[in-house]
Amino acid sequence: MNITAAKFLKTVNKDNLLHLVLGLGEEDYYKEELAHKLTAVLFGDLPEEERSAAIFDGKASLPEVQEAINTYPFFAGQNLVVLRNLQLLEGEAKAASAKTAKDREQLLQLLQDIPPYAYVLVLCNKLDKRTKLYSALSKSAAVVTCDSIKYYSLKPWLDEQAASYGARFDYKAIALISEYMSITVTVPLSLLKQEIDKLAIYAGQRKQWTQEDVENIFADLPAASAFAVGNAVTEGRLVQFLELVALEKKKGTNILPLVGGVTTALRRLCLLKELVEAGERPDALAAKLHMHPYVVKLNVAASQRFTLASLRHAMVELTQLNIKMRLGGRTFERLEEIVVELIQQNAK
C-alpha cells in the first residue's frame, strides 16, 4: 500500500494499522509525525514508563533490532520499534558488499515475520527500489511517502494546521506565509509548525488569523527576515531597507539569505514585467507561475516602479556580490550600495 504522509496521518487507526510501516522521503517533519502518530495509536494514554517502545538510529545491530521486535511487552500489550536511518538500508543495491547483502537478507526475514504484538516503523530518506528488501517489504507494508513541500503547494498544509486549533488563516495571511517561504528550496515544515504554535497562543480565543498576526509572530523566522528585506526593495522603501539591513547586521545575521531575499524579489519583478510587456494577462500569471494571486497582483504593480534594464543590472551586481564575498569581498555595505543605486535610478 502506497500512501502520502498527510493522508496516512489522517486515516490510520488501531484497526487499519499494518505491522510494518515504511516512511520514505526527505521531510523530517512528516517522519517525526509518523512516530508520534503510531505511538498515540498504539499506547494512547498509557504512562510512558509502561510503554514498550524502542528507537534505533544509524548503526544499530541486527541482534539488537531482533530482540526489540521479538520481546513480548509486559504492560502495553504491543511494542513499537522505530528504525531511523539505518546504515544497513542506505546505498545502492549494486554497491552493497557481500556482508551488507547478507545482513539485508536477515533483516528482510526479520521484518517479514513480525510477531502479532509488534509494530515496526522504518524511516529512510531513500530506499533503493531495486533491492530485494524493498520489493518484498513494499508488498506487505504501508509505504508512506514523506516528501517535502514547495511554497506554492503550502496552502492545504497551512489550512490543516490552523484547523487543528479550530482556526483559519485569512487570504492575505496565506499569501504572506507563501511569500516568506518562496525564497526556500523546500519549506522547513518543522520550523514553520513552531511559529504556528506560537501564533495559536498569541491569538488566544480569536480564530481568524490575519496577515498582521503572521507579521508579528513569524518575525524571527529566518525566511521572514530575508523576505522583509526583499519586500522593502520591491516597494521602493529605501529607508526601511537600510534600517532592516542595519538590524540584521547588528544581530550577526548571515548575509547570504538576505542577498537571496533581494535577488528572489528582483527576479520575480523582472519575470512578471517581461511577461506583462509580452502581452500576458496578469490574472493568468498566478497559475502559470505557481504564485498566490494576491502576490502576483502586488508584484505586477511593484514592477512598474522599475525599468527592466535597472532590474537586470542589479541582479548582475548581486551575483557578483555573492561571488566576491565568498573570496573575502565587501558584504553588507555592497548590498546597500546596489539597492540604493537601483531605487534612486527609478525614483520619480
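Here we take up the overall build of the chain. Secondary structure summary: the chain contains 16 helices and 8 strands in total. If you line up the chain on its principal axes, its C-alpha atoms span 75 × 55 × 45 Å. Taking as baseline every contact in the chain between residues at least 6 positions apart, the subset at least 24 positions apart corresponds to 77%. Accessible area for the chain stands at about 18000 Å²; split by element, carbon and sulfur atoms hold 53% of it. Between the centroid of the 42 positive side chains of the chain and the centroid of its 42 negative side chains there is a distance of 5 Å.

Each pocket or cavity is described by its volume, and for the largest pocket that value is around 710 Å³. Forming the walls of the largest pocket are 38 residues, and the residues nearest its centre are Leu176, Tyr180, Phe227, Ala228 and Asn231. When residues of the lining of the largest pocket are traced back to their parent elements, those giving at least two are helix 7 (171–181), helix 9 (211–217), helix 10 (222–234), helix 11 (238–251), helix 12 (255–277) and helix 14 (293–303). Tallied by class, residues from the lining of the largest pocket come to 19 nonpolar, 10 polar and 9 charged.

Pairing of side chains with opposite charge becomes possible as their charged atoms draw close. Applying the stated criterion across every chain, the model contains 18 salt bridges. A salt bridge links glutamate 333 to lysine 249; the nearest nitrogen and oxygen atoms lie 2.9 Å apart. Of the two residues, glutamate 333 is situated in helix 16 (residues 332–345) and lysine 249 in helix 11; the sequence distance between them amounts to 84 residues. By relative accessible area, glutamate 333 is classed as partly exposed at 34%. Taking relative accessible area as the criterion, lysine 249 reaches 42% and is therefore assigned partly exposed. In this structure, the salt-bridge partner of lysine 288 is glutamate 280, at a minimum N-O distance of 2.6 Å. The class of lysine 288 is partly exposed, set by a relative accessible area of 48%. On the basis of relative accessibility, which here comes to 27%, the residue glutamate 280 falls in the partly exposed class. Connected via shared salt-bridge partners are Glu317, Arg330, Arg334 and Glu337.

With that out of the way, let us pick up the packing of helix 4 (residues 98–112) against helix 5 (residues 132–140). At a minimum axis distance of 10 Å, the contact between helix 4 and helix 5 shows a crossing angle of 5°. Here helix 4 is positioned roughly parallel relative to helix 5, judged by the angle of their axes. Residues Arg104, Glu105, Leu108, Leu111 and Gln112 of helix 4 form the contact with helix 5, whose participating residues are Lys132, Leu133, Ala136 and Leu137. Per-class residue counts for the contact of helix 4 with helix 5 are 5 nonpolar, 1 polar and 3 charged.

Calculation notes
Along each chain, numbering runs from 1 in the same order as the chain's sequence is written. The predicted origin of the model limits local features to residues at a pLDDT of at least 70 and limits the giving and counting of side-chain atom pairs to 80 or more, whereas totals for whole chains, interfaces and linings rest on all residues. Processing note: side-chain calculations cover all non-hydrogen atoms of the structure and skip hydrogens and water entirely. Secondary structure counts use DSSP, requiring at least four H or I residues in a row for a helix and at least two E residues in a row for a strand, with both numbered from the N terminus. Every residue pair with non-hydrogen atoms within 4.5 Å of one another is taken to be in contact. In this description, accessible areas are obtained by the Shrake-Rupley approach with a 1.4 Å probe, and a residue is regarded as covered only by the protein chains that are shown. Counting rule for charge: Lys and Arg are taken as positive, Asp and Glu as negative, and neither His nor the chain ends is counted. All charge positions are set by atom: Lys at NZ, Arg at CZ, Asp at CG, Glu at CD. Definitions used throughout: a 1 Å grid over protein atoms alone; a cavity as a set of points that fits a 1.4 Å probe which cannot get out; a pocket as an open set with protein on both sides within 12 Å along at least five of seven lines; a lining residue as one with an atom within 4 Å of a point. Grid points are joined across faces, edges and corners, and a volume is the space filled by probe spheres set on the points. Charged residues are taken to be Asp, Glu, Lys and Arg, nonpolar residues to be Ala, Val, Leu, Ile, Met, Phe, Trp, Tyr, Cys and Pro, and polar residues to be all remaining types, Gly included. The term salt bridge refers to a pairing of a side-chain nitrogen on Lys or Arg with a carboxyl oxygen on Asp or Glu at a separation within 4 Å. Type-normalised accessible area, obtained with a 1.4 Å probe on protein chains alone, sets the label of each residue: buried when under 20%, exposed when over 50%, and partly exposed for intermediate values. What counts as an axis is a line fitted to C-alpha atoms, over the stretch in contact for a helix, and the angles between N-to-C directions run from 0 to 180 degrees. Roughly parallel refers to an angle under 35 degrees, roughly antiparallel to one over 145, roughly perpendicular to one between 65 and 115, and oblique to any angle outside these ranges.

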